[in-house]
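# Analysis of the macromolecular model
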Amino acid sequence: MQVIEADVIIVGAGGAGLRTAIAVAEADPKLSIALLSKVYPMRSHTCAAEGGAAGVIKSNDNLEYHFHDTVSGGDWLTDQDAVDLFVNEIPKELLRMEHWGCPWSRETSGNVAVRPFGGMKIMRTWFAADKTGFHMLHTLFQTSIKYPSVKRFDEYYTVDLLTDDGACYGCTAIEMRTGQMRQFRGKAIVICSGGAGKIFPFTTNGAVKTGDGMAMAYRAGVPLKDMEFVQYHPTGLPGSGILLTEACRGEGGYLLNKDGYRYLQDYGLGPETPTPVLKAMELGPRDQLSQAFWHEQKKGRTIPTKWGDVVHLDLRHLGEKKIDERLPLIRELSAKYVDSDPVTTLVPVRPVVHYMMGGIHTDIHAATPLNGLYAAGECACVSINGANRLGSNSLGELLVFGARAGRGAAEYAKKGLTAPSERLDALAADSEARVKAWFQRTQATDRVPDLKKRLTTAMEDGCGIYRDEATIKAACDIIVDVRERFKNVALEDKSSVYNTDLYQTLEMDAMIEVAQTVAVSALERRESRGAHQRLDHVKRDDEAFLKHSMAHYNPNGEPRIDYLDVVITKSKPAERVYGARAGGQSAA
Ligand SMILES: Cc1cc2nc3c(=O)[nH]c(=O)nc-3n(C[C@H](O)[C@H](O)[C@H](O)COP(=O)(O)OP(=O)(O)OC[C@H]3O[C@@H](n4cnc5c(N)ncnc54)[C@H](O)[C@@H]3O)c2cc1C
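All of these numbers come straight from a predicted model, not from anything done at the bench.

## Overview of the domain arrangement of the chain
Annotation of the chain at the domain level lists domain 1 (2–231 + 354–422), domain 2 (234–352) and domain 3 (431–554). Each side of the interface is counted separately: domain 1 has 25 residues, and domain 2 has 30 residues. Approximately 2,200 Å² of surface area, both sides summed, lies buried where domain 1 meets domain 2, with 58% of it carried by carbon and sulfur atoms. Interface area lost by domain 1 to domain 2 is led by Glu 50, Asp 130 and Phe 202, which between them contribute 30%. Where domain 1 meets domain 2, there are one salt bridge. Note that Arg 115 and Glu 251 form a salt bridge whose closest N and O atoms lie 2.9 Å from each other. Its residues assigned to classes, the side of domain 1 that touches domain 2 comprises nine nonpolar, ten polar and six charged.

## Things to note about the layout of surface pockets
Roughly 770 Å³ of volume is contained in the second largest pocket. Along the walls of the second largest pocket sit 31 residues, with Arg 219, Arg 434, Asp 509, Glu 513 and Tyr 553 positioned nearest its centre. Secondary structure elements with two or more residues in the lining of the second largest pocket: β7 (156–164), α5 (212–219), α11 (421–440), α13 (469–486) and α14 (500–524). With six residues, α11 is the single largest residue contributor to the lining of the second largest pocket. Residue composition of the lining of the second largest pocket, by class: 14 nonpolar, six polar and eleven charged.

## What about the side chain of Arg 124?
Looking at the secondary structure, you find Arg 124 in the loop between β4 (114–115) and β5 (125–126). Classification of Arg 124 as buried rests on a relative accessible area of 1%.

## Some remarks on helix α12 (residues 448–462)
For α12, built from 15 residues, the straight-helix expectation of 21 Å at 1.5 Å per residue is met to within 8% by its first-to-last C-alpha distance of 21 Å. Those residues of α12 lying buried are Val 448, Leu 451, Leu 455, Thr 456, Ala 458, Met 459 and Gly 462. One side of α12 holds all its buried residues, which, seen down the axis, span an arc of 155 degrees. Opposite the packed face of α12, turned more than 90 degrees from it, sit the exposed residues Lys 453 and Asp 461. Its buried side turned inward, α12 meets β18 (466–467), α13 and α14.

## Describing the packing of helix α1 (residues 15–27) against helix α4 (residues 132–145)
Remark: α1 packs on α4, axes separated minimally by 9 Å, with the N-to-C direction vectors making an angle of 35 degrees. Helix-helix and strand crossings are classified by hand; for α1 and α4 the assignment is left-handed. Between α1 and α4, the residues in contact are Gly 15, Leu 18, Arg 19 and Ile 22 and Leu 137, Leu 140, Phe 141, Thr 143 and Ser 144, respectively. Taken together, the residues of the contact of α1 with α4 break down into five nonpolar, three polar and one charged.

## Digging into the pattern of salt bridges
Working definition: two side chains of opposite charge can pair if their charged atoms are close together. Within this structure, the stated rule accounts for 61 salt bridges. Taking the shortest distance from any N to any O, the salt bridge between Arg 124 and Asp 61 comes out at 2.9 Å. With a gap of 63 residues between them, Arg 124 in the loop between β4 and β5 and Asp 61 in the loop between β3 (53–54) and α2 (63–73) connect regions that are remote in the sequence. The shortest N-O distance in the salt bridge between Glu 524 and Arg 526 comes to 3.7 Å. Connected through salt bridges with shared partners, the residues Asp 75, Asp 226, Glu 228, Asp 287, Arg 525, Glu 527, Arg 529, Arg 540, Asp 542 and Arg 576 form a single ionic network.

## Re unusual backbone geometry
Looking along the chain, the bond that leaves Val 382 and enters Ser 383 is cis, with omega of 0 degrees. One can find Ser 383 in the loop between β17 (380–381) and α10 (394–413). With a phi close to 45 degrees, Ala 129 is a non-glycine residue in the positive phi region. Tracing the backbone through its elements, the reader meets Ala 129 in the loop between β5 and α4.

## A short note on the pairing of strand β8 (residues 167–175)
Across the nine residues of β8, nine count as buried, placing the element largely inside the fold. With eight bridges joining them, β7 and β8 adopt antiparallel strand pairing. In the sheet register, Thr 158 faces β8, and the bridge partner there is Ala 173. Counted between consecutive antiparallel strands, the loop separating β7 from β8 contains two residues, among which Asp 165 sits at a positive phi close to 55 degrees. Looking at chain direction, β8 and strand β9 (residues 180–191) are connected through six bridges and run antiparallel. Of the residues in β9, the one forming a bridge with Cys 171 is Phe 184. Here β8 folds back onto β9 in antiparallel fashion, the turn holding four residues, of which Gly 179 has a positive phi close to 80 degrees.

Rules of the game
- Position numbers for residues count from 1 along each chain, tracking the sequence in the order it is written.
- Given that this is a predicted model, residues contribute local features only at a pLDDT of at least 70 and side-chain atom pairs are listed and counted only at 80 or more, while totals for whole chains, interfaces and linings are drawn from all residues.
- Processing note: side-chain calculations cover all non-hydrogen atoms of the structure and skip hydrogens and water entirely.
- Each domain's limits were defined by an automated method or a database of domain assignments.
- Any two residues whose heavy atoms approach within 4.5 Å at even a single point are treated as in contact.
- Summed over both partners, the accessible surface that disappears when two parts come together, traced with a 1.4 Å probe, is what is meant by buried area.
- When a carboxyl oxygen of Asp or Glu lies within 4 Å of a side-chain nitrogen of Lys or Arg, that pair is called a salt bridge.
- Each residue receives one of three labels: charged for Asp, Glu, Lys and Arg, nonpolar for Ala, Val, Leu, Ile, Met, Phe, Trp, Tyr, Cys and Pro, and polar for the others, Gly being one of them.
- Two kinds of site are reported from a 1 Å grid over the protein atoms alone, namely cavities, where a 1.4 Å probe fits but cannot get out, and pockets, open sets with protein on both sides within 12 Å along at least five of seven lines, and residues are called lining when an atom falls within 4 Å of a point.
- Grid points are joined across faces, edges and corners, and a volume is the space filled by probe spheres set on the points.
- Here a helix means four or more residues in a row that DSSP labels H or I, a strand means two or more in a row labelled E, and each is numbered from the N terminus.
- When accessible area is computed with a 1.4 Å probe and restricted to protein chains, residues below 20% of their type maximum are described as buried, those above 50% as exposed, and intermediate ones as partly exposed.
- Helix span is expected to be 1.5 Å times the residue number reduced by one.
- What the arc covers is the set of directions going from the helix axis to the C-beta atoms.
- Orientation is described by axes fitted as lines to C-alpha atoms, over the contacting stretch for helices, and by angles from 0 to 180 degrees between their N-to-C directions.
- Whether a crossing is left-handed or right-handed is set by the direction in which the near helix is turned from the far one by less than a right angle, anticlockwise for left-handed and clockwise for right-handed.
- Between any two strands, at least two bridges found by DSSP are needed for them to pair.

Here it is in structure tokens:
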């Protein structure tokens, strides 16, 4: 097997991976970098981000406000040292993006414009129309190109980490063009492989978000943290799951039930409060808005369609000029996918799986417990999102913690630690044998697409917006069954060139691991907090569960769950309050 060596290996070339690569190159131009991605970097999911990135810049705002919005938004499950550092570093990162060429939308004065976002009680979300992720990813991509030390391996599918004696020394990856497996040896490895929304059937997430990196780290012994917290975004298009950004509501859109009534006022989110402190209502946090939809549905106040029940997003009062300037993509998507022009028509929307709050356990330096292994971006849990991420904090997170991961990995790589090459060869051979087994098996009793359907449906039924013991247990049982049956799948396509059958099988392998950590962590958390709402344990229980859940890999069965204390520095757990009840103050 061909061996490729680099000082720092980065798995994933989305926003987090590219920011990491730039940070390594800036820290020390002599360090060689291998940047692996299963898709061309600009096809990473970051490209699809629409609404914006939050960072304090205006005079009516301050870092404490951003801190408190984030901590209360996360229902106090955030680590406050991480949030502090995040809110401090993000404005500098966003300015750096400006200097690298990111075309932030401006006010007529020429200053950077900000827009309101859910759960942020002051306007602080920077944006580039409603194509923020596209522009940010482009900016990072073109900036990365100017560093000769960054060597890209586009369309390389990473399979396994190479770990020995508590440290990570590389990975195996398949060159998709030829089907050949390569051994990548590095002194530090950073996982930036994105989220895992595809473990659910209805999601905003791109097809590539299958949790591969989470599964790799997990199997290598790194715990996955807070996996039960899965974010539903309240406004996805029925059928496709395509996102209509929260900026629709930030710009003033309403959510209406079947009677044309702004129902959110019935769920503790109203009445509106005047600017500059923002109204709640449609700008409440995503978990509470998605939960309100569920209640409206139970009351029979949603609108049935062939794609399931919906409510309406009303943008008509914003007018054509504002919609074209601020939300051009939303107009295009609504017209193309649900045949509704928001200038004149109500747009059907429903909650859709959007984001994983949980992920690979890291400290505030983006380091995992495995020496030499780092993680940043959506695959990681540092944790600044707690039980519910606020919209527009994720693009910021990948910049701040991508940069930190890069600096940390660069420092670590200089130690030059490595494992005996025979040991790494043996590990790589095991990884290759695992893949070859799928080619060799002939008697398939199950097919990956059928198993995927069974798995994702179980997740929706058992781990949706509301859960209880019986539904979660049913999901856990189905996952065990799917895992068993997956052992019997065989590849129908035995070719080596762009074998999508193989990559979907590898993705399914990762999805089973990730789904199981979500379901088992959800079962064990017998309380309701943020995005994890239990019908059989309706109250938040700080005494028993103000803790991160940590799912540990168990080769013989379901994951083992234990708990880690949350870091609380200055904000004591309290009730989450939005709308007029917030008393006109942002800081808690
Ligand atoms: C539609 C949509 C809109 C959003 N809008 C916003 C927003 O407005 N504001 C905000 O803050 N957040 C938003 N988010 C969330 C945010 O965009 C993501 O959390 C963030 O971009 C993730 O970045 P990332 O770099 O961690 O992962 P990604 O951008 O998903 O990149 C992952 C990378 O890992 C690579 N990879 C994965 N597996 C493998 C493997 N096995 N081998 C090799 N490479 C691999 C992929 O090829 C890719 O390059 C949105 C998300 C969606 C889905």
